[in-house]
Amino acid sequence: MIARIAVGLGLTLVASAVAGRRLWWLKRLAFSGQPAPERVAAVREHVSRDVKTETTEVLGQRKLLKWTVPGTAHFLTFWGFTILLLTIIESFGALFDRTFSLPWIGHWAFIGFLEDLVAVGVLAGIITFAVIRLRDNPHTEGRKSRFYGSHTGAAWLVLAMISLVITTLLIYRGAQINTGVFPYPHGAFASQIAGHALAPLGYGANAVLEAAFIIAQVAVVMVFLVIIAYSKHLHIFLAPVNVLFSRRPDALGPLEPMRSGGKVLDFEEADPDTDVFGLGKIEDFTWKGLLDMGTCTECGRCQSQCPAWATGKPLSPKQVILDLRDHAFAKAPWILAASDEERDKLPEAVKAEAERPLVGTKDQHGVIDPDVLWSCTNCGACVQECPVDIEHIDHIDGMRRHQVLIESAFPQEAATMLKNLENKANPWGIAEDRRADWITELDFEVPVADGTIGPGIEYLFWVGCAGALEDRAKKTTKAIAELLHTAGVKFAVLGPVEACTGDPARRLGNEFVFSMLAQQNITTLNDAGVTKIVTSCPHCFNTIAREYPQLGGHYEVIHHTQLLARLVAEGRLSPVTPVEEKITYHDPCFLGRHNKVFTPPREIIDAVPGTHAEEMHRCKDRGFCCGAGGARMWLEERIGTRINTERIDEALALDPDTVSTACPYCMVMLGDAVNAKKATGAAKQSLEVIDVAQLLVRSVRTAPPKSAADRSVK
Ligand code: SF4
Ligand code: SF4
């Protein structure tokens, strides 16, 4: 008995010391990051909301269960291990007293049954994980595997360790039954099966097995603890913390303002020598950013949904997080060193790691390749999928900010767009007074605000640069105006004084130009007395509704699909003319995933008589990007296949008559892809890409179109 106690406690002490040292080191590393007081304040202010989030995300495993098979396996393993904490207490108790039982509940048949049930459930989960990993093997599936780039060896080791936890448990419990010290008289069905199998060995052998496997159980649990502390399985401890401090409601929608030392950066007073301008080195990440890196489970769900990765680009959101984590760990001795003398004594490998640029090519030994950084469309699929709420876009755009503002290093084709934004307040550099040209093509009046929007005007129609200046998007603008006019909605536009919201500049990383344009627009809107805005562009919608409040601009903003769906529901718009077409709807990322507007566009399509709507395989919160977000609209797509082509291929598989959407960016990208397909004969000539507003206006007009030429809004 003494030997058993000594071995068990010795193992526990050594393992706890090794794991504890690692956890202490990790804590020091995380706290070396920049402060993020807003995260702490948000948790303090919204306790009930956070309890709900922890309950659904961590205890309920909501995001994991969206992937039915692996999600269920993880659910079983998570809850299995939580309940198996009881058996770990029992095994430690049995080190000291063979007849140990849990206080109060230690002889309840239900507890014995529950423990065995979850032990079997965990085994089932482990077998499922093993089958998933064998079938989705990166060695055979290559980039298609979501585990491509993950540390698969460590994952197999952990699966083996969990299996050992369960097998040692069942063996010592079976032996306990045969030696008469098992605490549960009934219910522990799996232990009884093990007991039956071991019974022929007799009392003596079972007593030895009991002692040996109790120590083995303690040893496996302790070794597992050390493995957890040194591997991706750290997420067992970190995931609840990361979820707790994640952005609410999620890290989609607005970008965070630029912060330095925990305070929002004021460009008028900021000093590039002392302030943090974006993420230029690993020390510029906040502790929450570093926590993200430590929490990644390497599950690859983000990678599997990333349009850049799917089309052969070097960007994998998982790999970005893993590369940052590997770099942070390798540079940690340098970061945590107390003095320059201490740094001088560090191994050369650590000094070399400290010298690596955060963003740089292979030749420059960069941690993140520029092609990785500039491939992101900010579509949000990674953030949406991540089961532990990692905030990939914040990190990617944070690095972009530093590259643009401090290094002036960004794809040069974007320079023209930025110059146009600064000089003409639109990305194309078209003269401001052309912004109201589309109004002259209508056969009714649209009031243009002259200083103020005037009495009786309910909505300011924010047209957007594309809606005002790009030919295809102008058709949507005119359709929306006609529908609002038909429904009797009083609206006005800003015309020439409307400027770009700044979204392309912000997503590219140029926070300075964004802030300049945003301030200009907020002043215009406030001076005009605007309170309610309807936008046609999801990027304008996201920026005005969710980013302008960061700069003091607070408005009630609605997307045109929301307003039009409401007008149809209220009977103020009556779609009567049938449109006998098969229609598939493409969710714009900044309307759908970023802002959760999925239903109104579909309601509009369904309200039009004659339409037959069919969903693409990837739709709603799993919709596939068109390739234009994240300022990619203004960048060349030189690597891999084109994202818009991949999306249109998916639509073509349904053989639709119309691809409908609700975003001018998507219209341009999908329209270009359809035109390319038509040129090769891969798409029928009659196939159209139109906004749902254009579809609705065709049906609301009482006279049916006379010819194919009339299908487009004039
Ligand atoms: S935002 Fe979209 S493109 Fe960017 S890394 Fe995430 S999934 Fe990939
Ligand atoms: S970032 Fe999230 S989704 Fe991606 S591999 Fe890590 S845990 Fe999985």
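In what follows, the accompanying structure is described. Predicted model, so just to flag it, every value in this text is computed and none were measured.

Quick look at the site of ligand 2
So, point 1. Inspection of the region around ligand 2 gives 13 residues, with Cys296, Cys299, Cys302, Cys386 and His392 positioned closest.
So, point 2. Class assignment of the residues belonging to the shell around ligand 2 gives a composition of 7 nonpolar, 3 polar and 3 charged.

As for the packing of helix H28 (residues 643-652) against helix H29 (residues 664-680)
So, point 1. It is at 9 Å that the axes of H28 and H29 come closest, and there the two elements cross at 70°. Considering their axes alone, H28 and H29 lie roughly perpendicular with respect to each other. You can see that H28 and H29 cross each other, and the crossing is right-handed. Touching Asn644, Thr645, Arg647, Ile648, Asp649 and Leu652 of H28 are Met669, Leu670, Asp672, Ala673, Val674 and Lys677, all from H29.

Here's the deal with the sheet that holds strand S8 (residues 612-613)
So, point 1. Strand order across the open sheet formed by 4 strands is S8-S7-S9-S10, with parallel pairing between neighbours. The open sheet is flanked by S8 and strand S10 (688-691), the only strands paired with a single partner.
So, point 2. Two elements, strand S7 (residues 582-585) and strand S9 (residues 658-661), share 3 bridges in a ladder whose sense is parallel. Across the sheet, residue tyrosine 585 finds its bridge partner in S9, namely serine 660.

Overview of the site of ligand 1
So, point 1. Taken together, 13 residues are adjacent to ligand 1, and Cys306, Cys376, Cys379, Gly380 and Cys382 come closest.
So, point 2. Elements supplying a minimum of two residues to the shell around ligand 1: helix H18 (381-385) and helix H19 (392-405).
So, point 3. In terms of residue class, the shell around ligand 1 is made up of 10 nonpolar, 3 polar and no charged.

Looking at helix H20 (residues 413-424)
So, point 1. The end-to-end C-alpha distance of H20 is 17 Å, a good match for the 16 Å that 12 residues give at a rise of 1.5 Å each.
So, point 2. Taken together, the buried positions of H20 are occupied by Ala414, Met417, Leu418, Asn420 and Leu421. Axial view of H20: buried residues confined to an arc of 160°, hence all on one face.
So, point 3. Check the buried side of H20 and you find it contacts helix H23 (503-508) and helix H24 (511-528).
So, point 4. Just downstream of H20 lies alanine 425, where phi reads positive at about 60°.

Rules of the game
Residues numbered from 1 in each chain as written. Chains lettered and ligands numbered in written order. Predicted model: local features only at pLDDT ≥ 70, side-chain atom pairs only at ≥ 80, totals over all residues. Heavy atoms only, no water. Near = heavy atom within 4 Å. Nonpolar A, V, L, I, M, F, W, Y, C, P; charged D, E, K, R; others polar. Axes fitted to C-alpha atoms, helices over the stretch in contact; angles between N-to-C directions. Helix = DSSP H or I, 4+ residues; strand = E, 2+ residues; numbered from the N terminus. Parallel < 35°, antiparallel > 145°, perpendicular 65-115°, else oblique. Left-handed = near helix turned anticlockwise from the far one by under 90°. Contact = heavy atoms within 4.5 Å. Pairing = 2+ DSSP bridges. Expected span 1.5 Å × (residues − 1). Buried < 20%, exposed > 50% of the residue type's maximum accessible area, 1.4 Å probe, protein only. Arc of directions from axis to C-beta.

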